[in-house]
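The lines below spell out each chain.
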Amino acid sequence: MIWYVHNAWAGQVRERMHMTETFDVKLAEKVCRPDPSCRERSWIGDRDTAYRRYLDDPEGFWAAIAGELEWFGPWERVLEWNPPHARWFTGAKLNITHNCLDRHVAGERRNKVALIWQGENEGDEQVYTYRQLHRSVMRFANALKRLGVEKGDTVCIYMPLVPEQIVAILACARIGAVHSIVYGGFGTSALNARIRDAGAKIVITADVGYRRGRRIALKAIVDEAVVNAPSVERIVVLRRSKPEIELYSEMEVDFNEIMEAADPFCRPEAMDAEDPLFILYTSGTTGTPKGIVHTCGGYMVGTYYTTKYVFDLKDNDVYWCTADPGWITGHSYIVYGPLAVGATVLITETVLDYPDPGIWWRIVEDFGVTVLYTAPTAIRMFMKFGEEWPNRSNLESLRILGSVGEPLNPEVFDWYWRVVGRSSCPILDTWWQTETGMHMIATLVGEPMKPGFTGRPIPGVVADVVDREGNPVPPGIGGLLVIREPWPSMMRTVHNNDERYLKYWSTIDGLYTAGDLAVKDEDGYIMILGRSDDIIIVSGHNLGTAEVESALVSHEAVAEAAVIGVPDAVKGQAVKAFVILRLGYEPGEQLKSDLIYHVRMSIGPIAMPSAIEFVQSLPKTRSGKIMRRVLKAQEMGIDPGDISTLEE
Ligand code: PRX
């Protein structure tokens, strides 16, 4: 018997969490058992043994992993823990690019393929060996130095998924510049807000990205986004289209020209383990996005560890993570983790249904992909297109499948297991966050898999499901997902806003609250039920309700707006907006389209409302906060729960 977590039901659970401490969840499960031989050959081996090793000596456990990597100077202490602030590998010196590049170039992986890129046109390919990638990164690092970028400066990267994007990322890390990557799907105001908050000195972009045969003019968006961003001194442009666009102002330089003019050798900057490596913005519930800060040492150890021991990457694997480097999944599991273990990483600019829904499966066959890491929203799309597309390609090279970003519903798990994995590949459902930097809860290779459950905390992580006082709840009772112990790749702060960082640890004193609702079963497997706050997850991307609402309200016709997530068969959730118009504006279809377009231009296509309803009033608390759960309850025909704070 399979227990399905329907979105609508999860919504009810979420509403109920506001009224009661905990709630009952009926758990019935189907267990999928992979061939036990894959565990015997895996890096992690027996989970319980590894987990015991961690519990017996947590710092010794992490020190052993860190010892697999190369450091320029030793640490004094593995962990200095002044809750909620942690410092890992204190005093140690390192450069993450030394471990991602030099370490391999000095050894047997020198001529191993590091990156394979495929563009939208099949056959449009680029291949970088570790040696070639190393050389490009060193040159571009020197080019950045010549533009005046110094250790500690912030560089904004707003690029399509091309090898040069990865070169730019690693070049920043090489010289100790802090990168802030902004997903290429974001629009002007979102980019502007991120450039300003981070105080970026340089913006690296491309003239265009390609999407479904169309050109997305990224440079034009940057041009607008740097107005009112006085920190920006230079814009570096990768010119892809022919004839080349002209670079006008003094500020603008060509990516390839500055690279060719630069010296070929660049020594990696010796970074302190606790120096920042990057800022990555994630949606918050209060308007402005949060700049999550990760540091060099702990992040390197966490991403290296999980890439090796969760994905079980071996030297002959061809690894494909379908995310974009603009999200944390791309940072950790396209760039840093896989390159730190010396993997062959496939990247592609293609979307999943262009020129047809067979493209991904042809890529798997063509390149012999062995490990595929993707999101439930993508699998749901493929389910819609039908089995004939994957069935046209030979997928026998695949040996491990991964999932991230949203609950992998049992029906979606089933399809992934059967159609893509030929009922033989372990499916690793990995739960983690921008804030955690690395996988935290996952099904490991060779373990029994329970569709609908992400799995158990991996060795090195102590996670639990608790009530609002922090007491563990018994199996079958829903509660808040928390992490009890610090881990190396935990975020260190929210840029310019440590108060917001402290909030993660103060909802329940001393515990890290992830903002997710969850339930455990008798075996300790954890099922994620959804977010306990106002974040909407569209196709695996976090959107703060407030971010979308402020975009709507910035339109001249809108007086007030509230948005909620509504169940969507493909995207998981879609954005529905309730809008109060200013006097003098009439509701109508044209205005709806205008508003949708307006949100698209301000935040990006992922934030576009799928429906807009014009209303006269919005449910609010007495203190004036919009009660989105009341809108949501109405929308889904469920009990709104406690409405005693409702004003009208
Ligand atoms: O709600 C959880 C969901 O995505 C949130 C984190 O989003 P973000 O920081 O954008 O990072 C996404 C990629 C790591 C979580 O709080 N989430 C992530 N992975 C899973 C998940 N929900 C269920 N199952 C997962 N495997």
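Structure first, text after, so check above.
The rules we used
Residues numbered from 1 in each chain as written. Predicted model: local features only at pLDDT ≥ 70, side-chain atom pairs only at ≥ 80, totals over all residues. Heavy atoms only, no water. Helix = DSSP H or I, 4+ residues; strand = E, 2+ residues; numbered from the N terminus. Rg over C-alpha atoms; globule rule 2.2 N^0.38 Å. Buried < 20%, exposed > 50% of the residue type's maximum accessible area, 1.4 Å probe, protein only. Contact = heavy atoms within 4.5 Å. Lys, Arg positive; Asp, Glu negative; His and termini not counted. Charge placed at Lys NZ, Arg CZ, Asp CG, Glu CD. Core = buried A, V, L, I, M, F, W, Y, C linked by side-chain atoms within 4.5 Å. Domains from an automatic or database assignment. Near = heavy atom within 4 Å. Polar contact = N/O pair within 3.5 Å; in protein donor to acceptor, adjacent residues only side chain to side chain. Phe/Tyr/Trp six-rings, centres within 6.5 Å; stacked < 30°, edge-to-face > 60°. Lys NZ or Arg CZ within 6 Å of the ring centre and 35° of its normal. Disulfide = S-S within 2.5 Å. Salt bridge = Lys/Arg side-chain N within 4 Å of Asp/Glu carboxyl O. Pairing = 2+ DSSP bridges. Axes fitted to C-alpha atoms, helices over the stretch in contact; angles between N-to-C directions.

A. Representation of the overall build of the protein chain. A tally of helices and strands in the protein chain yields 20 helices and 33 strands. Taken against the 2.2 N^0.38 rule, which gives 26 Å for 648 residues, the C-alpha radius of gyration of the protein chain at 24 Å falls within 12% of a compact globule. With respect to the principal axes defined by its C-alpha atoms, the protein chain has extents near 70 × 60 × 55 Å. In the protein chain, which comprises 648 residues, the share counted as buried stands at 63%. Taking the intrachain contacts of the protein chain between residues at least 6 apart in sequence as the baseline, contacts between residues at least 24 apart amount to 70%. In the protein chain, which carries 67 positive and 86 negative side-chain charges, the distance between the mean positions of the two groups comes to 2 Å.

B. Representation of the nonpolar core. Counting 127 residues, the largest nonpolar core has Trp62, Phe140 and Ile204 as its most contacted members. Per element, the largest residue contribution to this core is 9 residues, and it comes from helix α7 (residues 163-175). Each of two domains, domain 1 (7-95 + 277-531) and domain 2 (96-269), supplies a minimum of three residues to this core. Setting aside anything within four residues of it in sequence, one finds Trp62 in contact with Tyr54, Val78, Trp88, Phe89, Val301, Tyr305, Met438, Gly460 and Pro488. Counting residues in each nonpolar core, the second largest holds 42 residues, with Val182, Ile221, Val579 and Ile606 among its members.

C. The arrangement of the site of the ligand in detail. Neighbouring the ligand are 18 residues; Asp429, Thr430, Thr434, Asp516 and Arg531 lie closest to it. Within the contact set of the ligand, a nitrogen atom lies 3.2 Å away from a backbone nitrogen or oxygen of Glu406. Between the ligand and the protein, one listed contact pairs an oxygen atom with a side-chain N or O atom of Asp516 at 2.9 Å. Among the elements of the structure, α12 (328-341), β21 (427-431) and β28 (526-531) are those that each provide at least two residues to the shell around the ligand. It is β21 that provides the largest number of residues to the shell around the ligand, a total of 3 residues.

D. Expanded view of the environment of Trp505. Note on placement: Trp505 falls in helix α17 (residues 498-506). We classify Trp505 as buried; its relative accessible area is 5%. Each C-alpha atom, one on Trp505 and one on Gly184, is 32 Å from the other, the two residues being 321 residues apart in sequence. Once you skip the residues sitting within four places of it in the chain, Trp505 turns out to touch Trp81, Pro84, Trp487, Met490, Gly510, Leu511 and Tyr512. Of note is the side chain of Trp505, whose polar atom sits 3.2 Å from the side chain of Tyr501.

E. Structural detail: the packing of aromatic side chains. Per the counting criterion, the structure on display carries 31 aromatic pairs. On the basis of an interplanar angle of 40° and a centroid distance of 5.4 Å, the ring pair of Tyr305 and Tyr309 is categorised as tilted. Separated by 4 residues within a single helix, Tyr305 and Tyr309 lie in helix α11 (residues 296-309), roughly one turn from each other. Owing to a relative accessible area of 2%, Tyr305 belongs among the buried residues under this scheme. By the ring-pair criterion, three or more aromatic residues cluster together here, those being Tyr51, Tyr54, Phe61, Trp62, Trp71, Trp75, Trp88, Phe89, Tyr305 and Tyr309. Arg392 extends its terminal NZ or CZ atom over the ring of Trp389, reaching a point 4.1 Å from the ring centre.

F. Expanded view of the side chain of Thr344. With respect to the secondary-structure elements, Thr344 resides in strand β18 (residues 344-348). Those residues in contact with Thr344, other than ones at most four positions away along the chain, are Lys112, Val113, Ala114, Ile116, Asp317, Val318 and Tyr319.

G. The arrangement of the state of the cysteines in detail. Using the criterion set out here, one finds 0 disulfides in the structure. Left without a disulfide partner, Cys32 is nearest to the cysteine sulfur of Cys425, which lies 12 Å away. Looking at Cys266, it has no disulfide partner, and the nearest cysteine sulfur is the one in Cys172, 11 Å off. When its relative accessible area of 1% is taken as the criterion, Cys266 is described as buried.

H. Molecular detail of the side chain of Lys576. Structurally, Lys576 can be placed in strand β32 (residues 572-581). Here the side chain of Lys576 touches Glu613 through a polar contact of 2.8 Å, side chain to side chain.

I. Expanded view of helix α14 (residues 376-385). With respect to burial, α14 is a largely interior element, 7 of its 10 residues being buried. Taken as a whole, α14 has its buried residues at Pro376, Thr377, Ala378, Ile379, Arg380, Met381 and Phe382. Residues of α14 that are buried make contact with α13 (359-367), β19 (371-374), β20 (400-404), α16 (410-420) and β32. Looking one or two places after α14, you find Gly386, whose phi comes out positive at around 105°.

J. Spotlight on the pattern of salt bridges. Applying the stated rule across the entire model yields 34 salt bridges. Glu406 is the partner of Arg380 in a salt bridge, and the nearest nitrogen-oxygen pair spans 2.8 Å. Of this pair, Arg380 sits in helix α14 while Glu406 sits in the loop between β20 and α16, placing them 26 residues apart in sequence. Exposure remark for Arg380: the relative accessible area of 10% places this residue in the buried category. What you see here is one network of salt bridges that share partners, running through Arg239, Glu244, Asp254 and Glu257.

K. Structural view of the sheet that holds strand β22 (residues 441-442). On the basis of which strands lie adjacent, the open sheet formed by 9 strands has the order β6-β5-β18-β17-β19-β20-β21-β22-β23 and mixed pairing. Two strands in the sheet have a free side with no partner beyond their single neighbour: β6 (125-129) and β23 (456-457). As paired strands, β20 and β21 are joined by 4 bridges and run parallel to one another. Looking at the pairing, Gly402 lines up with Leu428 of β21. Where α12 meets the sheet, its contacts fall on β5 (113-118), β17 (318-321), β18, β19 and β20, and the angle it forms with β17 comes to roughly 160°.

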